[in-house]
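Breakdown of the fold
Here is what each chain is made of, one letter per residue.
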Amino acid sequence: MTKALSLLISATTILLAGCEPGTEKVTPLSEGIIYCSEGNPDTFNPQLITSGTTVDATAAQLYDRLIDYDAEKQAFVPALAKRWEPLDNGTRYRFYLREDVKFHSTDYFSPTRDFNAEDVRFSFNRWLDETSLYHNVGGGSYPFFSATGLDKLIQKVIKVDEMTVDIVLNNADSSFLANLATDFAIILSAEYAQQLSVKDVPYLIDLKPIGTGPYRFESFRKDVLIRYTKHPEYWREGPGIEQLVYSITPNANKRMLKLVTGECDVIPYPLISELQALNRDDIVVTNEVSPNVSFWAFNTKKPPFDDPLVRQALSHAINRQAIIDTIYYGNAELARSILPPTSWAYDNQGIQYGYDPEKARKLLEEAGYEQLTINIWAMPVQRVYNPNARRMAELMQSDLAQVGVNARIVSYEWNTFRRRLSRGEHDTVLIGWYADNADPDNFFRPLLSCAAVATGGNRANWCHPGFDELLYEAISTTDAAERKALYQSAQHILNQQLPLLPIAHSRRYQAQKKTVRGVQLPPYGGINFRLATKVTPAEENAQ
């Protein structure tokens, strides 16, 4: 065990013994799993937000989608739709729904019927149709669907019969099925929504959730825990445990301590610098290649960041390899594109801005700046793509000082940070992206399209009509070679304009007790406890 973790264990043991305000010790579960998550969910409906913390807490545990993506087979597979077919040259998709799928029965809702076409229509119209009764419940913002253009792509959802639905598109789009298989395209209960409307409490749909997923909601205490229980009538193979508890533990050191002391069974984002402390017989650390990218985005609506020369100068000032070595301890790859190398559309001739302080100074002079003061917003939370944004900002601050740029580091509590960021109050920001599906479009339109400026997902506030045209041309064809050429052209524009500087593609780490089995880290984000189970130490030793 490292000295740092050892000291932390002593300090935290004292705190726990003294009942630290705002915390509650979650009792270890013999028939359940405790997942020590890094924060509170913003909502229990992933339609409303793109936050990874919320997706981890809700999407795969409470809900199902029409289709899933099987990363091993690299294919879309049936979920609530048992099969589907494209019609009318790809502008209409017909989905044949699965029978005998039960919604959750809880102390606040008892379904009188199984899942059917009405639930699909209601779930899609919630974010698609601004006249829908539920559209503005929860704020009326659906960032993923807006940023991907799915809300403009879908013309209407038609109920063909009780178990058949047609989704009509305005045009053929090769990214349609990929977006449908994401954590955001969940199916809600239309019957539950109707009951809440009658009671005049529609907002409860996002606070007391009902889905068809492997777990049902029991309770939530902010900053303390979320409690789920197994859905006993789940339609496919489900969990081997009775309870799933999210013990909310923002501090990464504390999460590691709780895993060691048995207060957690699974933790996300263990500190890479402290992994040696988890080298124990009862703990296993896993890591996955994940399609992500961390980047430094420039707010192009603010001077001097509206000048590409300034953006290029600042990019040459940053020693990205030193960041890889210091922040990721080598467990990441230097990014040459916003696309990771695993993407079929990857172009290794993408962003070519090496560390060159002299060139940075010359470009700044050319742009008319010998001295410059800027701010760098650094996330206050860990993410797969960036384990320590604050420390990264400090390294960049030192690099920038070498070329005459005074950088001030700014951070806020996470919800405040995201809200102010969406308002465009930043100069520059260290943030990133974790892909929701395998389609390269998922890296481009949500991050850099003109539509994503309006939703707040485009952190550079950069809108380039020529770039947008290439993106929409790319999704209008299914020819992979043609699409790849279009994405390479798009990356060429990025290389010239540089609204953001890609920094790293990292690996995703998780640590858990050896007695826990079946917890899945899907390559396209989220965590899935559907097949989670737990063996006793004796059973584990016997294997």
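Preceding block: the structure.
This section reports on the structure supplied with the text. (Residues numbered from 1 in each chain as written. Predicted model: local features only at pLDDT ≥ 70, side-chain atom pairs only at ≥ 80, totals over all residues. Heavy atoms only, no water.)

Another point: a negative patch on the surface. Residues Glu-469, Glu-473, Asp-479 and Glu-482 make up a contiguous surface patch of negative charge. Take Asp-479: it is sitting in the loop between helix H16 (465-475) and helix H17 (480-497). Under the relative-accessibility criterion, Asp-479 is labelled partly exposed at 38%. (Patch = residues over 30% accessible without salt bridge, like charges linked within 9 Å, V, L, I, M, F, W, Y side chains within 5 Å. Areas by Shrake-Rupley, 256 points an atom, 1.4 Å probe, with all protein chains shown as cover. Salt bridge = Lys/Arg side-chain N within 4 Å of Asp/Glu carboxyl O. Lys, Arg positive; Asp, Glu negative; His and termini not counted. Charge placed at Lys NZ, Arg CZ, Asp CG, Glu CD. Helix = DSSP H or I, 4+ residues; strand = E, 2+ residues; numbered from the N terminus. Buried < 20%, exposed > 50% of the residue type's maximum accessible area, 1.4 Å probe, protein only.)

What follows covers the environment of Ala-480. Of note, Ala-480 is situated in helix H17. Spatially, the C-alpha atoms of Ala-480 and Ser-174 are 9.8 Å apart, while their sequence positions differ by 306 residues.

What follows covers the nonpolar core. Core analysis: the biggest nonpolar cluster contains 75 residues, and Trp-296, Ile-323, Ile-374, Ile-376, Leu-400, Phe-444 and Phe-467 have the highest contact counts within it. Core analysis: the second largest hydrophobic core is formed by 72 residues, Phe-109, Met-163, Leu-188 and Ala-532 among them. (Core = buried A, V, L, I, M, F, W, Y, C linked by side-chain atoms within 4.5 Å.)

Following Pro-303, the chain continues into Pro-304 via a peptide bond in cis, with omega recorded as 5 degrees. The residue Tyr-329 is not glycine, and still its phi comes out positive at about 50 degrees. Secondary-structure assignment places Tyr-329 in the loop between helix H10 (320-327) and strand E14 (332-334). With a phi angle near 50 degrees, Leu-498 is a residue other than glycine that sits in the positive phi range.

Side chains carrying opposite charge are able to pair once their charged atoms draw close together. This structure, assessed with the given rule, holds 28 salt bridges. A salt bridge links Asp-114 to Lys-102; the shortest N-O distance between them is 3.1 Å. Separated by 12 residues along the polypeptide, Asp-114 in the loop between strand E5 (92-97) and helix H3 (117-128) and Lys-102 in the loop between E5 and H3 bring together distant segments of the chain. Accessibility expressed as a relative area gives 28% for Lys-102, which makes it partly exposed.

All right, on to the packing of aromatic side chains then. Counted according to the given criterion, the structure contains 25 aromatic pairs. Aromatic pair Tyr-35 and Tyr-246: ring centres 5.1 Å apart, planes at 80 degrees, arrangement edge-to-face. Here the residue Tyr-35 occupies a position in strand E1 (residues 32-37), and Tyr-246 occupies one in strand E10 (residues 243-248), the gap between them amounting to 211 residues. On the numbers, 3.8 Å between centres and 5 degrees between planes, the contact of Trp-127 with Phe-145 is stacked. Here Trp-127, found in helix H3, pairs with Phe-145, found in helix H4 (residues 143-147); they are 18 residues apart in sequence, far enough to count as distant. These aromatic residues form a ring-pair network of at least three members: Tyr-35, Phe-44, Phe-217, Phe-220, Tyr-228, Tyr-246 and Phe-529. Positioned over the ring face of Tyr-96 is Arg-83, at 3.8 Å from the centre of the ring. Above the face of the Trp-414 ring, Arg-418 is positioned so that its terminal group lies 5.7 Å from the ring centre. (Phe/Tyr/Trp six-rings, centres within 6.5 Å; stacked < 30°, edge-to-face > 60°. Lys NZ or Arg CZ within 6 Å of the ring centre and 35° of its normal.)

What follows is about the packing of helix H14 (residues 441-448) against H17. Between H14 and H17, the shortest axis-to-axis distance is 11 Å and the interhelical angle comes to 40 degrees. Here H14 lies oblique to H17, going by the angle between them. Considering how the two elements wind past one another, H14 and H17 form a crossing that is left-handed. Listed contacts from H17 to Asp-441, Phe-444 and Leu-448 of H14 are Arg-483, Tyr-487, Ala-490, Gln-491 and Leu-494. (Axes fitted to C-alpha atoms, helices over the stretch in contact; angles between N-to-C directions. Parallel < 35°, antiparallel > 145°, perpendicular 65-115°, else oblique. Left-handed = near helix turned anticlockwise from the far one by under 90°. Contact = heavy atoms within 4.5 Å.)

Further remarks concern the sheet that holds strand E6 (residues 154-161). Strand order in the open sheet formed by 4 strands is E4-E5-E7-E6, and the pairing between neighbours is antiparallel. The open sheet has two free edges, formed respectively by strand E4 (81-87) and E6, since each of these has just one partner strand. Neighbour-to-neighbour, the strand axes of this sheet turn through a mean angle of 20 degrees, independent of strand direction. Sheet analysis places E6 next to strand E7 (residues 164-169), joined by 6 bridges and oriented antiparallel. Paired with Lys-156 across the bridge in E7 is Val-168. With respect to the sheet, H3 is in contact with E5, E6 and E7, its orientation differing from that of E6 by roughly 165 degrees. (Pairing = 2+ DSSP bridges.)

Given a rise of 1.5 Å per residue, 18 residues ought to cover 26 Å, and the 26 Å separating the end C-alpha atoms of H17 matches this to within 8%. Turning to H17, the residues buried within the fold contact H14 and H16. The backbone nitrogen of Ala-481 has a side-chain oxygen 3.0 Å away, supplied by the residue at the start of H17, namely Asp-479. Once H17 ends, the next one or two residues include Leu-498, with phi positive near 50 degrees. (Expected span 1.5 Å × (residues − 1). Polar contact = N/O pair within 3.5 Å; in protein donor to acceptor, adjacent residues only side chain to side chain.)

The next subject is the state of the cysteines. Inspection of the entire model under this criterion finds 2 disulfides. Across the disulfide from Cys-36 sits Cys-264; the S-S distance is 1.7 Å. On the sign convention where negative means left-handed, the S-S torsion of about -85 degrees between Cys-36 and Cys-264 marks this disulfide as left-handed. Residue Cys-36 is located in strand E1, and its partner Cys-264 is located in the loop between helix H8 (252-261) and strand E11 (266-268); the two are separated by 228 residues in the primary sequence. Note on accessibility: Cys-36 and Cys-264 belong to one class, buried. Paired by a disulfide, Cys-450 and Cys-463 hold their sulfur atoms 2.0 Å apart. Across the S-S bond linking Cys-450 and Cys-463, the dihedral sits near 95 degrees, which makes this disulfide right-handed. Of the two residues, Cys-450 is situated in helix H15 (residues 450-455) and Cys-463 in the loop between H15 and H16; the sequence distance between them amounts to 13 residues. Should the bonded cysteines of the protein be numbered as they appear in the sequence, the pairing reads 1-2, 3-4. (Disulfide = S-S within 2.5 Å.)

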